Amino acid sequence: MTKTLNDLRDEAYEIALEHGFHDEERCHAHSLMLIITELSEAVEADRKNRHTDYNLLDQAKAEGIIFEDFFPTLIKDTFEDELADAAIRCLDFCGLHNIDLSDVNEAVTTEGGTDGFLEEEWGVTESVFFATSVLSSANHPELKVKSALFLIFALADKYRVDLFGHIDVKMAYNANRPFMHGKKY
């Protein structure tokens, strides 16, 4: 069975809840800024040419290298991983606020559903800037997060990233991380 964005929303929220990310009530701006920081980390990973090497990943899996061994070296902190982090932050926000993602799920899973939402000549920086400007605009945080999530999927599609797959892998990693992932917030 293929997971929907609502399934992933619930899973992301549950992992965040279990790891203490919702022990303290925070304003919307806090959550929106953390999404923006993940998007900024995606830009930085791209600048450093840190991308998932799928040939090495397939080789590690074929050799029976366990997840805990290959994730930190082959996936963590790559462009694809940071896009997944940004999407997970959006999903968690939607879980916290019980926001239905059926419409976004339909749009991102329909063939060509994200086409034309990012200018063809835009690179990673321009595309991420557009998504962060949506998150930074006034009012309606729920709509902003849903729009940003859609744009993250559009960016993933543009660069042929299996974002659903990367979200799944990152959430499996996150589920085994320490409380608050060892961070202040």
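How each quantity is defined
- Residues numbered from 1 in each chain as written.
- Predicted model: local features only at pLDDT ≥ 70, side-chain atom pairs only at ≥ 80, totals over all residues.
- Heavy atoms only, no water.
- Core = buried A, V, L, I, M, F, W, Y, C linked by side-chain atoms within 4.5 Å.
- Buried < 20%, exposed > 50% of the residue type's maximum accessible area, 1.4 Å probe, protein only.
- Helix = DSSP H or I, 4+ residues; strand = E, 2+ residues; numbered from the N terminus.
- pLDDT = per-residue confidence, 0-100.
- Contact = heavy atoms within 4.5 Å.
- Polar contact = N/O pair within 3.5 Å; in protein donor to acceptor, adjacent residues only side chain to side chain.
- Salt bridge = Lys/Arg side-chain N within 4 Å of Asp/Glu carboxyl O.
- Patch = residues over 30% accessible without salt bridge, like charges linked within 9 Å, V, L, I, M, F, W, Y side chains within 5 Å.
- Areas by Shrake-Rupley, 256 points an atom, 1.4 Å probe, with all protein chains shown as cover.
- Lys, Arg positive; Asp, Glu negative; His and termini not counted.
- Charge placed at Lys NZ, Arg CZ, Asp CG, Glu CD.
- Arc of directions from axis to C-beta.
- Phe/Tyr/Trp six-rings, centres within 6.5 Å; stacked < 30°, edge-to-face > 60°.
- Lys NZ or Arg CZ within 6 Å of the ring centre and 35° of its normal.

### Thoughts on the nonpolar core
Ranked by internal contacts, the top residues of the largest apolar core, which has 45 residues, are Leu5, Leu39, Leu83, Leu149, Leu163 and Ile167. Contributing elements (two or more residues each) for this core: α1 (5-18), α2 (28-47), α5 (79-96), α6 (102-109), α7 (124-136), α8 (141-158) and α9 (163-175). Counting residues in hydrophobic clusters, the runner-up holds seven residues, among them Ala60, Phe70, Phe71 and Tyr173.

### Topic: the confidence of the model for the protein chain
Looking at the protein chain, the pLDDT average stands at 93 and 99% of residues meet or exceed 70. Least confident of the elements in the protein chain is helix α3 (residues 54-62), whose mean pLDDT is 86; most confident is α5, at 98.

### Details of the environment of His51
Within the secondary structure, His51 sits in the loop between α2 and α3. By relative accessible area, His51 is classed as partly exposed at 30%. With 133 residues separating them in the primary sequence, His51 and Lys184 have C-alpha atoms 27 Å apart. With near-sequence residues (within four places) excluded, His51 lies in contact with Asp46, Thr78, Phe79 and Glu80. Side-chain polar atoms of His51 contact the side chain of Asp46, separated by 3.0 Å.

### Side note on the pattern of salt bridges
Using the criterion set out here, one finds ten salt bridges in the structure. Between Lys76 and Asp77 there is a salt bridge whose closest N-O contact spans 3.4 Å. Across the pair Asp103 and Lys146 runs a salt bridge whose closest N-O atoms are separated by 3.1 Å. Of this pair, Asp103 sits in helix α6 while Lys146 sits in helix α8, and the two are 43 residues apart along the sequence. Within the structure, one salt-bridge network assembled from shared partners comprises Lys3, Glu11 and Asp168.

### Remarks on the environment of Ala154
Take Ala154: it is sitting in helix α8. Taking the C-alpha atoms as reference, Ala154 lies 9.1 Å from Ser127; in sequence the two are 27 residues apart. In this view, Ala154 contacts Thr114 and Leu118; residues no more than four positions away in its chain are not counted.

### A look at a negative patch on the surface
There is a patch of like negative charges on the surface, built from Glu119, Glu120, Glu121 and Glu126. In this structure, Glu120 sits in the loop between α6 and α7. On the basis of relative accessible area, Glu120 is assigned to the exposed category, the value being 75%.

### Considerations on the side chain of Thr132
The residue Thr132 is located in helix α7 in this model. On the accessibility criterion, Thr132 (12% relative accessible area) is buried. Sequence-distant contacts of Thr132, defined by excluding residues within four places in its chain, comprise Ile36 and Leu39.

### Regarding α6
All of the buried residues along α6 are Val104, Asn105 and Val108. End-on view of α6: buried residues confined to an arc of 100°, all on one side of the axis. Residues of α6 that are buried make contact with α1, α8 and α9.

### Some words on the packing of aromatic side chains
Evaluation of the coordinates by the stated rule reveals seven aromatic pairs. Taking the centre distance of 4.7 Å and the plane angle of 80° together, the rings of Phe117 and Phe150 count as edge-to-face. Note that Phe117 is positioned in the loop between α6 and α7 and Phe150 in helix α8, a separation of 33 residues in sequence. Under the relative-accessibility criterion, Phe117 is labelled partly exposed at 46%. We classify Phe150 as buried; its relative accessible area is 12%. Each member of the aromatic cluster is reached from another via a ring pair, and the members are Phe67, Phe70, Phe71 and Tyr173. Directly above the ring of Phe21 sits Arg89, whose terminal nitrogen or CZ lies 5.8 Å from the centroid.

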